[in-house]
Amino acid sequence: MVRKMIVFQLKEEEYAVSVQEIGSIERMVPITRVPQTPEHVKGVINLRGVVTPIIDLGLKFGFQEAEITDATRILIVYINGMEVGLIVDSANDVMDIPEDMIEPNPEVIGSIDVNYIEGVAKIDNRLFILLDLHKVLQLEALEEIVEGK
């Protein structure tokens, strides 16, 4: 079995999420700030008529805020019927990752909470950190932002 994954970058690390969870990959657009939200929640955008909360994934993981460049992308993900945008440094690959190349979580990977990690895969001298988006995104908080609570 192989898993088709979208590979993206944050800082110097490569991360991967299942293509089934990605709706689209968008260029950076102006984001409307929502007051009284955590720092990593950048605000909302209107994406084809849908109010979509935007999260800076690097900030969520405790990294310093990255500079927005031409390579910066917003990954639109669908979790539990909700659309969420994740700001990443770049999104550049779709890869087939064989199931037998995926190892369980190591104890620690940098500053990222290991609860967010589904596993790691080493392919051709590249290390991919596979994220569990359900654990990365705290849906209750996002629903409150969209509903304006």
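About the thresholds
Residues numbered from 1 in each chain as written. Predicted model: local features only at pLDDT ≥ 70, side-chain atom pairs only at ≥ 80, totals over all residues. Heavy atoms only, no water. Salt bridge = Lys/Arg side-chain N within 4 Å of Asp/Glu carboxyl O. Helix = DSSP H or I, 4+ residues; strand = E, 2+ residues; numbered from the N terminus. Buried < 20%, exposed > 50% of the residue type's maximum accessible area, 1.4 Å probe, protein only. Pairing = 2+ DSSP bridges. Polar contact = N/O pair within 3.5 Å; in protein donor to acceptor, adjacent residues only side chain to side chain.

Enquirer: Explain the pattern of salt bridges to me, and be specific about the residues and the numbers.
Expert: Scanning the model with the defined rule gives 7 salt bridges in all. A salt bridge links E26 to R48; the shortest N-O distance between them is 2.8 Å. Of this pair, E26 sits in strand β3 (residues 22-27) while R48 is found in the loop between β4 (41-47) and β5 (50-56), placing the two residues 22 residues apart along the sequence. With a closest N to O distance of 2.8 Å, D93 and R126 form a salt bridge. Note that D93 is positioned in strand β8 (residues 90-98) and R126 in strand β11 (residues 126-131), a separation of 33 residues in sequence. Under the relative-accessibility criterion, D93 is labelled partly exposed at 27%. Via salt bridges that share partners, R3, E99 and E118 belong to a single interconnected network.

Enquirer: Now, about the sheet that holds strand β9 (residues 102-103): what can you tell me, with residues and values included?
Expert: To summarise the sheet geometry, strands pair through backbone hydrogen bonds and adopt either a parallel or an antiparallel arrangement. Strands sit in the order β8-β1-β2-β11-β10-β9 across an open sheet of 6 strands; the sheet is mixed. Two strands in the sheet have a free side with no partner beyond their single neighbour: β8 and β9. Here 6 bridges tie strand β1 (residues 2-10) to strand β2 (residues 13-18), and the two strands are oriented antiparallel to one another. Its bridge partner lying in β2, M5 is registered against S18.

Enquirer: Before we move on, could you go through the environment of E118 and cite the residues and values that matter?
Expert: When you line up the elements, E118 lands in strand β10 (residues 117-123). Between the C-alpha atom of E118 and that of L133, which follows or precedes it by 15 residues, the distance is 9.1 Å. At a separation of 2.3 Å, a polar atom in the side chain of E118 contacts the side chain of R3.

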